[in-house]
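# Structural overview
Given next are the chains, with one letter for each unit.
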Amino acid sequence: MPDVAPSQKEQSMLLQKEMISGHYDALARAKDEGKKVVYTFVPGNLTELMRSFDILPNLPEINALQSGMRKLSGGYISEAEKHGHSEDVCTYVKCDIGMLKKGNIGPTGVKLPEPDLLLLSYTGCFTFMKWFELLRQEYDCPVAMLHIPYQGDGKVHDHYRGYVIEQLETEVIPKLEAVTGRAFDQDRLRASLALSAAAEDDLVYVLESARHRPSPIDAYFGGVYYIGPIFSAFRGTEEGAAYYRALRREIDQRVAAGQGPVTPEGELETERFRLVIEGPPNWTSFREFWKMFYDEGAVVVASTYTKVGGLYDRGFRHDPDNPLATLADYCMGCYTNLSLPARVDLVEQYVRDYAADGFLINSVKSCNSFSVGQLLMLRQLEDRTGLPGGFIESDLVDPRYFSAANIKNRIESYLQMIEQKRTAGPAA
Amino acid sequence: MKPELEKLVTRARTLFDDLDLEAVRSWKNAMPDRKAIGHLPVWAPRELIWAAGMLPVSVLGGGDRLEIIRGDAYFQSYICHFPRSTVELALSGRLDALDGMLFPSICDVIRNLSGMWQMLFPDLYVRYLDLPQNFDLEVGGRFWRHELEALMRDLEALAGRPISEDDLRLSIAAFAANRHAVHRLYQARSREPWLFPADEMYIVLRAGCVLPPDEHTELVERYLELAPGEAERQRQDRSRIVVAGMFCEQPPLGLLLTLERAGCFIVDDDLFLALRWPEIEVEITDPPLDGLIEAFLRQGALSASVYQPDGKRGAWLVESVERNHAEGVIFCAPSFCDPALLEQPMLVAALDESSVPHTQFKYSEDTGQFAAIREQAGTFADSIRLWGEA
Ligand code: SF4
Ligand code: SF4
């Protein structure tokens, strides 16, 4: 997802960097080349469907996090607040609106094209709806709304699936057809879905490599790089599939060599703590945040944030034989569309499957979808796993809410607590 | 105040102060096997609950009358106050009279709260109510029908009896009458706001959150008759304003009073949507569920939590300003309320386009200090009066 890669880069990271900057360039050229551009969100994105119409997706969340990593978000947020956006709301939205108000220059310095359509896939977060209602006031373009039912009781019911498919048929596809002037081509969609499934297999392989000791990956700080292509514009593309093949090979080599994860300061040689993290990372001080972990030998072996764009490690794969139903299932299965009890179950499972020493919640101010209920999750997880949980607070892209000293302190004390428990033995 | 009005207002005040839901308990105790189902803002199909012989109870948090002892431990500082007081009410046993709880889809706080409820109260009936955001009868309508039918089955199981079509018709009619009375009260206030002081009207309406529909209808109708008979309620010249943003976490009564004391008459608001939706007539159809479904789909996006396909966000507010001859709008939103605060810039744009003056501030249900609000609202009221005279 981010393209500011660690200084010691894996081959796949270089490849990803090229793909992402290539995509921003393609977006910049889109209007000249007569390509249509759709703005949409990461969770519940319909990349294969858009690609089957030769549409280029632009993802405002990715722009926001990229702006965060490039230290641009603070200025954009102030700009949006100057235009009357409340200091209390999601900073992704304000970062995006601020960027727009300042000329819509994308994170790589090239101007972003205006959307031909806003594809509002309403998965896992209410803010999405308001975000695109706000953008609609800025752009004179249609909106396609795809309401994704929430798994309130932890299940996907048949009528949910039917509802989503009907919306795809009556709302989304007709609008994509109208915007592009092309007819829906189911075979193209199927071919793309097959590529998605292959990439998903490889991604899961990579994520699950963290079961090894030492883990060859960091499944949070490194994980956000690994999910980049599949969560953004490259799911269902040849390029995306090739990236994940390359990544898998790379990880295999690391496992064979018994290597730990690559950090911005080189390979982590001693894995002292294995952690599961719930919640998104902070982007404005991403490296500093990561350093607080790898300096202590802490490796994240599983994370929930890397599942916001799809819970592939729980078995879901895009299915070319059921193209619309599989898109529906995908949208309904993203992490933030899970009920809170299901989220607790998942984290608990991760703690066990990845033999973690503890779990930590990074609660971000911006995101009620993630944050509401996390304190209860913490207690429930402590009860169920018998492990201590850590809790830190920050924000996604608002630099005002990253208090480095405070966070570092908390992480260090948390790791010390794990260490003490460990040395005291299981009876402690 | 004349004794009859005083009695009515005292009753409403008692219900307002009744954080332990004593009124609900006595309703339940009046007959064996009676049950009550709570729901959070903004709206739930109360008709179905009542048709099953159960009392729908709108849970609106603890306001400024509840000491938060445990609730704060569940929520970070940047989350609105409403879920803290609601969890506090539940953990302290004050909601024990409720046999189930519905969580309508309005924001991520209430959505996740539904999961918290499942974990905190595993023996209670808990349901997340996903209101459709697609308003095509054949698409969103079909989904909504499935949801409502599933809810009806659950309610029947809880009540231990089926819901007949006649039960549902009677219930729809009872709530239609209630909405009609509530609507008449809003209209009457809009015509002569000096007759219906904001705090009084608030508690009269709020009684509808815990009373059976017929009883509340009677209360509102009686209030409509009695309030104009108060001699001291003389016509006054104040600024007519619409207040927007209070659809979930409730403003403290002191805040409403402050607005009035600052020189405003509230002529419309977005309070108590549970009592006011659907704003259009629910037809008694055959089968009766159809009418409920259609009315919900056709009523339009009257709150921040409902998608507006035509993009005319704020049209309802401008329309309300016009219909109520308001001179300005006060955005009065709970701190950290995503739907209200994300919506605000769009409403501001709609008002600016129609040259309607507006101002804004935030509150929390337990806000106790109103000096700054009074000053701001006072300045605003003066300025729109000057504006009007200019
Ligand atoms: S509230 Fe959370 S999920 Fe929603 S847009 Fe903001 S960061 Fe994304
Ligand atoms: S006050 Fe706003 S954010 Fe809080 S629960 Fe209500 S609608 Fe949601």
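Just so it is clear, the model here is predicted, and its values are computed rather than measured. The residue numbers shown here count from 1 along each chain, following its written sequence. Chain A is the first chain written and ligand 1 is the first ligand written, with later ones labelled in order. Since the coordinates come from a predicted model, pLDDT governs what is reported: local features require at least 70, and pairs of side-chain atoms require 80 or more to be given and counted, while whole-chain, interface and lining totals use all residues. The basis for every side-chain value is the complete set of heavy atoms in the structure, and neither hydrogens nor water enter the calculation.

Contact between two residues is taken to exist if any of their heavy atoms lie within 4.5 Å; hydrogens are not considered. Each partner contributes to the interface: chain A provides 53 residues, whereas chain B provides 52 residues. Interface of chain A and chain B: buried area, both sides summed, is about 4600 Å²; carbon and sulfur atoms make up 59% of it. One speaks of a salt bridge when a side-chain nitrogen belonging to Lys or Arg is within 4 Å of a carboxyl oxygen belonging to Asp or Glu. Inspection of the region where chain A meets chain B yields four salt bridges. For the salt bridge of R142 of chain B with E166 of chain A, the shortest nitrogen-to-oxygen distance reads 3.0 Å. Any N or O atom pair separated by 3.5 Å or less is treated as a polar contact, with the protein-specific requirement of one donor-capable and one acceptor-capable atom, and with residues adjacent in sequence counted only for side-chain atom pairs. At the boundary of chain A with chain B, the tally comes to 28 residue pairs in polar contact (both at pLDDT 80 or more). Any residue that is not Ala, Val, Leu, Ile, Met, Phe, Trp, Tyr, Cys, Pro, Asp, Glu, Lys or Arg is counted as polar, Gly included; the first ten are nonpolar and the last four charged. Broken down by class, the residue content of the side of chain A that touches chain B amounts to 24 nonpolar, 19 polar and ten charged. A quick way to say it: buried area is the sum, across both parts, of accessible area lost when two parts are put together, with a 1.4 Å probe.

Residues and elements named next belong to chain A. Near residues are defined by distance, with any heavy atom within 4 Å of the molecule or strand qualifying the residue. All residues in the neighbourhood of ligand 1 are listed as C90, Y92, C125, T127, F128, W131, S366, C367 and L396. If you map ligand 1 onto the pockets, it falls in the largest cavity. What counts as a helix is a DSSP run of H or I of at least four residues, what counts as a strand is a run of E of at least two, and both are numbered from the N terminus. Per element, the largest residue contribution to the shell around ligand 1 is three residues, and it comes from helix α6 (residues 127-138). Its residues assigned to classes, the shell around ligand 1 shows seven nonpolar, two polar and no charged. A cavity here means a set of 1 Å grid points, computed over protein atoms only, where a 1.4 Å probe fits but cannot escape. A pocket is an open set with protein on both sides within 12 Å along at least 5 of 7 lines, and lining residues have an atom within 4 Å of a point. Think of it this way: a molecule belongs to a cavity or pocket when more than half its atoms come within 2 Å of the grid points there.

Working definition: rings of Phe, Tyr and Trp (its six-membered ring) pair if their centres are within 6.5 Å, and the pair is stacked with planes under 30 degrees apart, edge-to-face with planes over 60 apart, and tilted otherwise. If you walk through the whole model with that rule in mind, you get 41 aromatic pairs over all chains. Between W43 of chain B and W144 of chain B, the ring centres sit 6.3 Å apart and the planes meet at 40°, which makes this aromatic pair tilted. Taken as a pair, W43 of chain B in the loop between β1 (36-39) and α3 (46-51) and W144 of chain B in helix α6 (residues 140-159) lie far apart in primary sequence, 101 residues in all. The pair formed by W43 of chain B and W144 of chain B is uniform in burial state, with each residue classed as buried. Note on geometry: a ring has a charge over it if NZ (lysine) or CZ (arginine) is within 6 Å of the ring centre and within 35 degrees of the ring normal. A cation over a ring is seen here: R248 of chain A above Y205 of chain A, with NZ or CZ 3.8 Å from the ring centre. When the ring centre of Y74 of chain B is taken as origin, the NZ or CZ atom of R379 of chain A, which lies over that ring, is 4.3 Å away. For the exposure calls, accessible area comes from a 1.4 Å probe over protein chains only, and a residue counts as buried if that area is under 20% of its type's maximum, exposed if over 50%, partly exposed in between.

Attention now goes to the confidence of the model for chain B. pLDDT measures the predictor's confidence residue by residue and takes values from 0 up to 100. For chain B, the average pLDDT comes to 96, and 99% of its residues sit at 70 or higher. On the interface metric, ipTM, the complex scores 0.96, and its pTM is 0.97.

With that settled, the discussion passes to empty space enclosed by the protein. All names here are of chain A. Grid points are joined across faces, edges and corners, and a volume is the space filled by probe spheres set on the points. This structure, assessed with the given rule, holds 14 cavities of 30 Å³ or more. Its boundaries defined by the atoms lining it, the largest cavity holds a volume of some 290 Å³. Lining the largest cavity we find 25 residues, and of these E61, Y92, F128, C367 and F370 sit closest to its centre. Of all the secondary structure elements, the ones that give two or more residues to the lining of the largest cavity are α3 (60-69), α6 and α15 (368-371).

Of the consecutive residues P41 of chain B and V42 of chain B, the connecting peptide bond is found in the cis state with omega at 0°. One non-glycine residue, N104 of chain A, lies in the positive phi region at around 55°. Along the chain, the position of N104 of chain A falls in the loop between α5 (91-101) and β3 (117-122).

Looking now at the site of ligand 2. Residue and element names in this part refer to chain B. Every residue near ligand 2 is listed here: C80, F82, I106, C107, V109, I110, C248, E249, F336, C337, D338 and P339. Every element with two or more residues in the shell around ligand 2 is listed here: α5 (108-120) and α14 (338-353). When the residues that make up the shell around ligand 2 are grouped by side-chain class, the tally is ten nonpolar, no polar and two charged.

Moving on: the sheet that holds strand β5 (residues 239-244) of chain B. Residue and element names in this part refer to chain B. Taken in spatial order, the four strands of this open sheet run β6-β5-β7-β8, and their pairing is parallel. A single partner strand is all that each edge strand has here, and the edge strands are β6 (264-269) and β8 (358-363). Within this sheet the neighbouring strands show an average axis-to-axis angle of 30°, counted without direction. Whether two strands pair comes down to DSSP finding at least two bridges between them. When strand β7 (residues 328-334) meets β8, the two strands line up parallel, connected through six bridges. Its bridge partner lying in β8, C332 is registered against F361. Only the contacting stretch of a helix is used when fitting its axis, a line to C-alpha atoms as for every element, and angles between N-to-C directions run 0 to 180 degrees.

On to α5 of chain A. Among the eleven residues that make up α5 of chain A, ten are buried, leaving the element largely enclosed by the rest of the structure. For α5 of chain A, the set of buried residues is T91, Y92, V93, K94, C95, D96, I97, G98, M99 and L100 of chain A. Against the buried residues of α5 of chain A lie α3, α4 (73-82) and α6 of chain A together with α14 of chain B.

Here we come to the nonpolar core. Residue and element names in this part refer to chain A. If you look at the biggest cluster of nonpolar residues, it comprises 284 residues, and the most contacted ones within it are L49, Y92, L120, W283, F289, F293 and Y305. Ranked by residue count, the leading element in this core is helix α7 (residues 158-180), at nine residues. Contacts of Y92, omitting those with residues within four sequence positions, involve E61, A64, L65, W131, W283, Y305, S366, L396 and V397. For this analysis, a nonpolar core means a set of buried residues of the types Ala, Val, Leu, Ile, Met, Phe, Trp, Tyr and Cys, connected via side-chain atoms within 4.5 Å.

Counted under the stated rule, the structure contains 62 salt bridges over all chains. D116 of chain A is paired through a salt bridge with K31 of chain A; the nearest N and O atoms lie 3.2 Å apart. Here the residue D116 of chain A occupies a position in the loop between α5 and β3, and K31 of chain A occupies one in the loop between α1 (11-29) and β1 (37-40), the gap between them amounting to 85 residues. A residue is classified by how much of its surface remains accessible, and D116 of chain A, at 18% relative accessible area, is buried. For K31 of chain A, a relative accessible area of 40% translates into the label partly exposed. For E348 of chain A, the salt bridge goes to R384 of chain A, with nearest N and O atoms at 2.8 Å. Here E348 of chain A is found in helix α14 (residues 340-353), whereas its partner R384 of chain A is found in helix α16 (residues 374-385), with 36 residues between them in sequence. Linked by salt bridges that have partners in common, R189, D268, D269, R276, E319 and R323 of chain B make up one network.

Before going further, it helps to examine the sheet that holds strand β9 (residues 358-364) of chain A. All names here are of chain A. Sheet architecture is open: four strands sit in the order β8-β7-β9-β10, paired in parallel fashion. One side of each edge strand has no neighbouring strand; the edge strands of this open sheet are β8 (298-303) and β10 (389-394). The mean angle between the axes of side-by-side strands here comes to 30°, regardless of whether they run parallel or antiparallel. In terms of strand pairing, β9 meets β10 through six bridges, oriented parallel.

Let us now look at the packing of helix α4 (residues 82-91) of chain B against α5 of chain B. Residues and elements named next belong to chain B. It is the contact of α4 with α5, at a shortest axis distance of 11 Å, that shows an interaxial angle of 25°. Taken together, the axes of α4 and α5 are roughly parallel relative to one another. Of the two elements, α4 crosses α5, and the hand of that crossing is right-handed. Along the contact surface, α4 presents F82, P83, T86, V87 and A90, while α5 presents V109, I110, L113 and W117. Considered class by class, the residues forming the contact of α4 with α5 number eight nonpolar, one polar and no charged. Convention used here: angles under 35 degrees read as roughly parallel, angles over 145 as roughly antiparallel, angles from 65 to 115 as roughly perpendicular, and any remaining angle as oblique. Handedness of a crossing is defined here by the sense of rotation of the near helix relative to the far one, left-handed for an anticlockwise turn of less than a right angle and right-handed for a clockwise turn.

Another aspect to go through is the side chain of S339 of chain A. Position of S339 of chain A among the secondary structure elements: in the loop between α13 (323-333) and α14. Apart from residues lying up to four places away in sequence, S339 of chain A is in contact with Y150, Q151, G152 and G154 of chain A.

Time to look at the environment of L168 of chain A. All names here are of chain A. For L168, the position within the fold is in helix α7. Judged by relative accessible area, L168 falls into the buried class, the value being 0%. Residues L168 and M19, spaced 149 residues apart in sequence, show a C-alpha to C-alpha distance of 29 Å. Not counting chain neighbours up to four residues away, the residues in contact with L168 comprise L46, L49, L146, I173, P174, L324 and L327.

The volume enclosed by the largest pocket comes to roughly 680 Å³. If you go around the largest pocket, you meet 28 residues; those closest to its centre are H183, Y186, R276, E279 and R323 of chain B. Among the elements of the structure, α7 (165-191), β6, α11 (273-276) and α13 (315-323) of chain B are those that each provide at least two residues to the lining of the largest pocket. Sorting elements by how many residues they give to the lining of the largest pocket places α7 of chain B first, with nine residues. Each residue belonging to the lining of the largest pocket can be placed in one class, and the counts come to ten nonpolar, seven polar and eleven charged. D153, H157 and Y160 of chain A together with R127 and D154 of chain B are, among the 17 residues lining the second largest pocket, the residues nearest its centre.

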